[in-house]
Amino acid sequence: MTDPTTLAEKIIARAAGRARVEPGEIVTARVDLAMMHDSGGPRRVAPILKRLGAPIWDPSRVALVIDHYLPADNPESIGIVELARAYGKAEGLANVFDGEGICHVVVPSRGLLKPGMFAVGGDSHSPTGGAWGAFMFGVGATEMAGVLATGEIWVEVPETIRIELTGRLSPGVSAKDVMLMLCARLGMGGGRFQAVEYGGSAVTALSQQERMTLSNMTAELGGQTGLVVPDATTAAALAAAGADPGDWTRWTSDPGAKLLEHHVFDAAALAPQVAAPHSPANSRPVTETEGTRIDTAYVGACTGAKLVDMRMAAEILKGRRVASGTRLLLAPASKQDQAAAEAEGTLGVLLAAGAEMLPNACGICAGYGSARFAEGEVAISTTARNFRGRMGADSSEVHLASPYTVAASAVTGRITDPRPFLEGTRP
């Protein structure tokens, strides 16, 4: 009888053509999908591949998303976007998504990530793929060029840190609050560049898009990838995306598999969290930061403007208006999610409350576009990061929170606990 293994070890073993692998081993793994975007993609990797004289190993296994430099409203962004478009066409890439939204939301929504896959992405939030039971992590341009040329990459088999969330999240508390709490409790390096696996009854109860938030912000924990064991929720989401989930039941960690760390948290005891400038690790319960005046509330980014996130904001904003002197900016994470929000009435609620629409792109989160935060501007945002100067002027101050808390703060013009709004005790 073989020793039990983790989900991460099983996926890497398959990719390496091995029966099993052990943490600490360095193996060469076959890549199932390589994802890149306009910022770190063709303009960085094309010159390397040209010098090598190397064609792309398999254009059907490459996804290119144009999402960072949109809208292309200046000569630099126009040039970068045009280069990416031309590259995708010239190389015959099977999956090019131009202006469809943010890569971490668009790619899985097309059914391109499945349980058991081994994937890389040219972006630090590529661990999002782990929500689909795929081992996915971010790489730089040089590594991506190597993958594009060979279809392979070496990887050191990570140990696994398990985060178990018992009970269920309370109303007004979301996966974003979980990750902000973990950043504060475990630190920005708490993932130790290992595989972080999320489980427990609270995770099982989460929607697929909420699980994506957990996996996405594994990057803020310093983890290599953030895995959620696939289940019926995963399979249903893949079926809705027109994809065959395959034998997802085989992709799980064995009972008794060796872990580096095992952390258990009571989800029911978690309050809404707010991270003060300038780090996600500066998080504490909203009740300790209430009352801080804000200029702007921002619902955007791959970790904060999916359909599920817009629904959270709409729960708070229905029948209410944004406070005078405060602006609410909304950048839906994808065109698909925006269309769904419009069809069900969620988008109408947000617009009626006074939300100003921005493009389906990375935008302010990554410091792109013209809507970046100004000198001295105080904001509360659904984004994953609030590093100094990342989203605008160095003197701007960005707080991080869930869509519930961001929406409640937009209504009052100050950082506000969203729970009374849901209880009907706030006007």
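Quick notes on the rules
Residues numbered from 1 in each chain as written. Predicted model: local features only at pLDDT ≥ 70, side-chain atom pairs only at ≥ 80, totals over all residues. Heavy atoms only, no water. Pairing = 2+ DSSP bridges. Helix = DSSP H or I, 4+ residues; strand = E, 2+ residues; numbered from the N terminus. Axes fitted to C-alpha atoms, helices over the stretch in contact; angles between N-to-C directions. Contact = heavy atoms within 4.5 Å. Phe/Tyr/Trp six-rings, centres within 6.5 Å; stacked < 30°, edge-to-face > 60°. Polar contact = N/O pair within 3.5 Å; in protein donor to acceptor, adjacent residues only side chain to side chain. Buried < 20%, exposed > 50% of the residue type's maximum accessible area, 1.4 Å probe, protein only. Arc of directions from axis to C-beta. Salt bridge = Lys/Arg side-chain N within 4 Å of Asp/Glu carboxyl O. Core = buried A, V, L, I, M, F, W, Y, C linked by side-chain atoms within 4.5 Å. Right-handed = clockwise from strand over helix to strand, strands pointing away.

J.: Mind showing me how you'd approach the sheet that holds strand 6 (residues 135–138) here?
T.: Either a parallel or an antiparallel arrangement is found when strands of a sheet pair, and the pairing is made through backbone hydrogen bonds. Within the open sheet, the five strands sit side by side as 4-3-2-5-6. Their pairing is parallel. On the outer flanks of this sheet lie strand 4 (95–98) and strand 6, each paired with one strand and no other. Averaged over all pairs of adjacent strands, the angle between their axes in this sheet comes to 15°, without regard to strand direction. Packing against the sheet, helix 3 (residues 75–90) makes contact with strand 2 (33–37), strand 3 (62–66) and strand 4, and its axis sits at approximately 155° to strand 3. Docked against the sheet, helix 5 (residues 141–150) engages strand 2, strand 3 and strand 5 (118–121), running at close to 135° with respect to strand 2.

J.: I'm lost on the packing of aromatic side chains in this one. Help?
T.: Any two aromatic rings considered together are summarised by their centre-to-centre distance and by the angle between their planes. Tallied over the full model, the rule gives five aromatic pairs. Following the ring pairs from residue to residue traces out a cluster consisting of Phe118, Phe135 and Phe137.

J.: What should I look at first to understand the side chain of Asp32 in this one?
T.: Tracing the sequence through the fold places Asp32 in the loop between strand 1 (26–30) and strand 2. A polar contact is formed between the side chain of Asp32 and the backbone nitrogen of Phe118, at a distance of 2.7 Å.

J.: Just checking my understanding: could you explain the environment of Ser409 for this structure?
T.: Tracing the backbone shows Ser409 in helix 14 (residues 403–412). Under the relative-accessibility criterion, Ser409 is labelled buried at 0%. Through-space distance from the C-alpha of Ser409 to that of Glu290 is 9.0 Å; in sequence the pair is 119 residues apart. Excluding its chain neighbours within four sequence positions, the residues that come into contact with Ser409 are Ile294, Ile380, Arg414, Ile415 and Thr416.

J.: Please explain the environment of Leu351 as it appears in this structure.
T.: In this structure, Leu351 sits in helix 13 (residues 346–352). A relative accessible area of 38% means that Leu351 is categorised as partly exposed. The sequence separation of Leu351 and Ala361 amounts to ten residues, and the corresponding C-alpha distance is 18 Å. When neighbours within four sequence positions are excluded, Leu351 is seen to be in contact with Arg321 and Met357.

J.: Would you take a moment to explain helix 2 (residues 42–52) for this structure?
T.: One turn of the α-helix equals 3.6 residues, which is why residues spaced by three or four share an orientation. Among all positions in helix 2, only Pro42, Val45, Ile48 and Leu49 are buried. Along helix 2, the residues classed as buried sweep out an arc of 145° about the axis, all on the same side. Turned more than 90 degrees away from the buried face of helix 2, the exposed residues are Lys50 and Arg51. Turning to helix 2, the residues buried within the fold contact strand 2, strand 3, helix 3 and helix 5. Positive backbone phi, at 70°, marks Gly53, one or two positions downstream of helix 2.

J.: Honestly, the pattern of salt bridges in this entry has me stumped. Any pointers?
T.: Pairs can form between side chains of opposite charge once their charged atoms are near each other. Counted according to the given criterion, the structure contains 18 salt bridges. The salt bridge partner of Arg20 is Glu22, with a shortest N-O separation of 3.1 Å. Given the relative accessible area of 26%, Arg20 is considered partly exposed. What emerges from the salt-bridge pattern is a single network uniting Arg14, Asp32, Asp58 and Arg61.

J.: Help me out: how do you make sense of unusual backbone geometry in this one?
T.: The bulk of non-glycine residues show a negative phi, and the bulk of peptide bonds are trans. Geometrically, the link from Leu70 to Pro71 is a cis peptide bond, its omega value of -5° lying close to zero. Mapping Pro71 onto the fold places it in the loop between strand 3 and helix 3. The peptide bond linking Pro277 to His278 adopts the cis configuration, its omega dihedral lying at 0°. Here His278 is to be found in the loop between strand 12 (273–275) and strand 13 (283–285). Phi is positive for Ala301, close to 85°, though the residue is something other than glycine. Looking at where Ala301 falls in the secondary structure, it is placed in the loop between strand 14 (296–300) and helix 11 (307–317).

J.: Got a minute to help me understand the pairing of strand 1 in this structure?
T.: The two faces of the sheet receive side chains in turn, since in a regular strand these alternate between them. Side-chain alternation along strand 1 places Val27 and Ala29 on a buried face and Ile26, Thr28 and Arg30 on a face that remains uncovered. Inspection of the sheet shows strand 1 paired to strand 7 (residues 152–156) by five bridges, in the antiparallel sense. From the neighbouring strand, Ile26 faces strand 7, where its bridge partner is Glu156.

J.: Could you clarify how one ought to interpret the nonpolar core in this entry?
T.: The tendency in soluble globular proteins is for nonpolar side chains to be buried as a group. Among the nonpolar cores identified, the biggest contains 38 residues, and Ala297, Leu317, Leu328, Leu330, Leu350 and Ile380 are the most heavily contacted of them. Contributions of two or more residues to this core are made by strand 14, helix 11, strand 15 (327–331), helix 13, strand 17 (378–381) and helix 14. The element that contributes the greatest number of residues to this core is helix 11, accounting for eight residues. Once residues within four sequence positions are removed from consideration, Leu330 is found in contact with Val299, Met310, Leu347, Leu350, Ala355, Glu356, Met357 and Leu358. Ala8, Leu93, Phe118 and Ile153 belong to the second largest nonpolar core, which has 36 residues in total.

J.: Sorry, what's going on with the pairing of strand 4 here?
T.: Residues of strand 4 alternate between two faces, with Asn95 and Phe97 buried on one and Val96 and Asp98 left unburied on the opposite face. Across four bridges, strand 3 lies against strand 4 in parallel orientation. From the neighbouring strand, Val65 faces strand 4, where its bridge partner is Phe97. For the handedness criterion, the β-α-β arrangement of strand 3, helix 3 and strand 4 is classed as right-handed.

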